[in-house]
Amino acid sequence: MNGCRKRAIERPLVVLALLFVAPGCVLETRPVSLETASPPSATTATTGSPLVAVGSFADDRGESSRWIGSIRGPLGNPLYTLEGTAPVSQLVAAA
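Rules used in this analysis
Residues numbered from 1 in each chain as written. Predicted model: local features only at pLDDT ≥ 70, side-chain atom pairs only at ≥ 80, totals over all residues. Heavy atoms only, no water. Helix = DSSP H or I, 4+ residues; strand = E, 2+ residues; numbered from the N terminus. Buried < 20%, exposed > 50% of the residue type's maximum accessible area, 1.4 Å probe, protein only. Contact = heavy atoms within 4.5 Å. Pairing = 2+ DSSP bridges.

Novice: Residues and numbers for the overall build of the chain, please.
Specialist: Within the chain one finds 2 helices and 3 strands. Each helix and strand of the chain, placed in order from N terminus to C terminus, yields the pattern α-β-β-β-α. Out of the 95 residues in the chain, the part that is buried amounts to 9%. For the chain, restricting intrachain contacts to residue pairs at least 6 apart in sequence, the fraction spanning at least 24 positions comes to 46%.

Structure below.
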């Protein structure tokens with residue numbers, strides 16, 4: 001009888017553990033577009049010298065050039081990987 005009671009307690013714990021672990025096993029990549037559109041009432045900037053200048057940046061992230069980030073689950077496990085439709089350097093330059 002003691003063995004049956006032990007199994008009756010272990011089985012729900014195993015199922016509960018699988019419910020937490022199983023979603024972390026699914027890793028899906030989703031392409032993300034960073035295209036922006038101005039609202040119809042937006043005005044264009046006036047011509048003149050820019051107030052801010054930006055130099056070039058090196059992408060030293062150690063990831064794919066299209067990698068933007070990951071959506072993570074409550075335990076920190078990656079659920080989805082977000083990648084741009086083009087290299088991130090091109091998307092940022094075009095923004």
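Novice: Break down the pairing of strand S3 (residues 78-84) for me, citing the residues and quoting the values.
Specialist: A regular strand places its side chains so that they alternate between the two faces of the sheet. Examined bridge by bridge, strand S2 (residues 67-72) and S3 share 5 bridges and lie antiparallel to one another. Within S3, the residue paired with Ile-71 across the bridge is Tyr-80. Counting the residues in the hairpin turn of S2 and S3 gives 5 residues, including Gly-76, whose phi is positive at 90 degrees.

Novice: Break down the environment of Leu-82 for me, with residues and values.
Specialist: Note that Leu-82 resides in strand S3. Put simply, Leu-82 and Ser-33 are 49 residues apart on the chain and 9.8 Å apart in space, counted from C-alpha to C-alpha. Here Leu-82 is in contact with Arg-30, Val-32, Arg-66, Trp-67, Ile-68, Gly-69 and Ile-71, once residues within four sequence places are set aside.

Shape is all these values report; function is a separate question.
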